[in-house]
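# Structure assessment
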Amino acid sequence: PGSTYKVFTLINWLQNEHGINEVVNGSPRTIPQGQFTNSCTGRPSGAPYQFKNDSGESGPMTVATATQQSVNGAFISMALELDLCEIKQTAESIGVHRADGAELGDTPASVLGTNEIAPLSMATAYAAIAGQGMYCASIAVDRITGPDGAEMVGQPQNCTQQLEPDVANTAAFAMAKVMLPGGTATRANPNDGVEYIGKTGTTDASNHTWVIGASTRVATAVWVGNIEGFVPMRSYTSPTGAAGGVIRHDIFKPIATAIDRLPQYRGTDFAEPNGDLLTGSGVIVPGVNGRTVEEARSILEAAGFTVVDGGEEDGSAAAGTVARTSPSGGGVTSSGATITVYSSNGLLGTVPNSVGNGDVPGYAAEEQLQGLGFTNITTTCAVVPENQKDMVVAQTPSAGTAMRVTDPVTLTVGRESC
C-alpha cells in the first residue's frame, strides 16, 4: 500500500502524546537500523536503512505538512521516536493484516508501506479513523432476500472502539489536508461540500498506486497497478489519455461524488482535533538569533536539544553571531531534537533609498552606505535641472535590495555638467 500505510505511524505518534505541529527532520538519509526501537523483536539489525523522498523534500517540517505532502523522511523521523512494534499493533487494532496470511512486518521499511495488504483491509482501517476510532470488521453480506421477498439476517456487525476519539479526530484533521490544495490527493476530492480525509500511496518504481479516502459515512480504497509484470504507472498512459499516476484519482472522484448524492451515505463535517494533540509533548525552540554561537549552544543544550554547527552563511547579523537555526526559534519540535545553528558572516546588507533625498547629497549618500558596511561604491553623474543638483537621481541596485556588502552599488548624482 505504499504511503497509505503512513497513517498508522501518525496515529501511534498521537497515541504517544506527540503533536501534529511538532517539527521533525524530513530529509532523505541513511540510518543505522540499531537506532530504531522494536519491543517485539529487539532492535533491528542489518545494513543501514537508506531511503529517499519522492519529490526531493528536505529539512525540518511539521508532522501536519509531512502528512499533507507524504514526506518519507519525516515519517522515518517519527518512527525513530516510537516503537516499530507499537506501530504494527496500532495498524492491527483497526483491522490491518497481510493479504498473504503472513505476520504483519515491523521493519523500518514497513513504515513506508512494504506489507502486502488488500484494499478492503485498508478501507476498513480508514473507516475506523473517520468513525472517531470505532472499528467495524468488514462483512460481505448485509442481508439476504429470498424469491418470496422474505429477508434473512446477514452477517452481524462486529464493532469495537479501538482508537481514542481524540486521537482519531486529530489524525483525521491532518489527513483532511491531503485532500485540499497542496495535498497529494487534491485531484481525488469531489469538492461537493462533503469533507474528506485521505492519503495517497506509490510503491517503488510506481509499480502500484493508491488513494484511500473517507467521509464520516463511507471509506473508499482505490488501487491501480500491476497484477503481473513491472510497468511503472508514472510512465503509463491509459486509453483515455490519462497519465498512469492520476488514474487512481480519476476513479475515486466519481465514486465519491455518486456516494455523496445519496442522503443516507452523505458525510458530515469531521469532529474538531484535540488541542493538546496539535502541539503534543513538543518543546518550543528558544530564539537565539543574534547571539554568539557559544551562547546559542549553551541555551539550546540547556533546553535539552542537541546542537549541530551548520557553518557560516551570508547574513546581516554581526559576523560570528547566529544568523538562523533550523528548526527556527519559536517552532515546536520534539524534546531532544537536533538544532542546526548557522552563523552569520556579516556580509549581507540592505541598500537604503538615496534617490531624490534633498537632505542626503551625493557625498552623504556614499558615506551612509559606507556606514552600513558597503565597500564597493561607484559614483557616476547625470546632467539635471538646478533643483536636482548634487542629489542622487538614480541608484543600482534599488532601495530595499538585500545583497552582499562587497557587491557593487552605483549612485548617479545630478550635476550641471558631466
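Look up a bit, the structure's there.
Notes on the structure in this doc start here. What you see is a predicted model, and the numbers here were worked out from it, not measured in a lab.

### Focus on helix α1 (residues 6-15)
Burial within α1 is extensive, with nine of its ten residues counted as buried. Buried within α1 are the following residues: K6, V7, F8, T9, L10, I11, N12, W13 and L14. After α1 finishes, the residue E17 shows a positive phi value of roughly 65°.

### Examining the environment of P165
You can see P165 is positioned in helix α6 (residues 165-176). Residue classification places P165 among the partly exposed residues on the basis of a relative accessible area of 31%. With 31 residues separating them in the primary sequence, P165 and M134 have C-alpha atoms 8.3 Å apart.

### Structural notes on the sheet that holds strand β19 (residues 392-396)
As summarised here, the arrangement of the three strands in space is β18-β21-β19, forming an open sheet in which the pairing is mixed. The outermost strands of the open sheet, each flanked by one partner alone, are β18 (377-383) and β19. This sheet shows a mean twist of 25° between the axes of neighbouring strands, independent of strand direction.

### Quick notes on the packing of α1 against helix α3 (residues 72-80)
Working note: a packed helix pair is described by the angle between its axes plus the distance between those axes. Two elements in contact, α1 and α3, have axes separated by 10 Å at closest approach and are oriented at 40°. Our classification of the angle between α1 and α3 gives oblique. Judged by the sense of rotation from one axis to the other, the crossing of α1 with α3 is left-handed. Packed against α1, whose contacting residues are K6, T9, L10 and W13, the element α3 presents N72, F75, M78 and A79 at the interface. Across the contact of α1 with α3, the residue classes break down as five nonpolar, two polar and one charged.

### A few points about the pattern of salt bridges
Once the charged atoms of two side chains with opposite charge are near each other, the side chains can pair. Counted by the stated rule, this structure contains eleven salt bridges. In this structure, R98 and D100 form a salt bridge, with 2.7 Å as the shortest nitrogen-oxygen distance. Among the residues examined, D100 registers a relative accessible area of 48% and is labelled partly exposed. Salt-bridge contacts for R415 lead to D390; the nearest nitrogen and oxygen are separated by 2.8 Å. Note that R415 is positioned in strand β21 (residues 409-415) and D390 in the loop between β18 and β19, a separation of 25 residues in sequence. Note on R415: relative accessible area 32%, which makes it partly exposed. Within the structure, one salt-bridge network assembled from shared partners comprises K88, E103 and D106.

### Brief notes about unusual backbone geometry
Look at the link from S326 to P327: it is a cis peptide, with omega at 0°. One can find P327 in the loop between β14 (322-326) and β15 (332-333). Along the chain, T396 connects to P397 via a cis peptide bond; the corresponding omega equals 0°. Inspection of the secondary structure assignment puts P397 in the loop between β19 and β20 (402-404). Notably, A205 is not glycine yet its phi reads approximately 60°, a positive angle. If you trace the backbone, A205 turns up in the loop between β9 (197-202) and β10 (208-214). Classification of A205 as exposed rests on a relative accessible area of 61%.

Cut-offs used in this document
Residues numbered from 1 in each chain as written. Predicted model: local features only at pLDDT ≥ 70, side-chain atom pairs only at ≥ 80, totals over all residues. Heavy atoms only, no water. Buried < 20%, exposed > 50% of the residue type's maximum accessible area, 1.4 Å probe, protein only. Helix = DSSP H or I, 4+ residues; strand = E, 2+ residues; numbered from the N terminus. Pairing = 2+ DSSP bridges. Axes fitted to C-alpha atoms, helices over the stretch in contact; angles between N-to-C directions. Parallel < 35°, antiparallel > 145°, perpendicular 65-115°, else oblique. Left-handed = near helix turned anticlockwise from the far one by under 90°. Contact = heavy atoms within 4.5 Å. Nonpolar A, V, L, I, M, F, W, Y, C, P; charged D, E, K, R; others polar. Salt bridge = Lys/Arg side-chain N within 4 Å of Asp/Glu carboxyl O.

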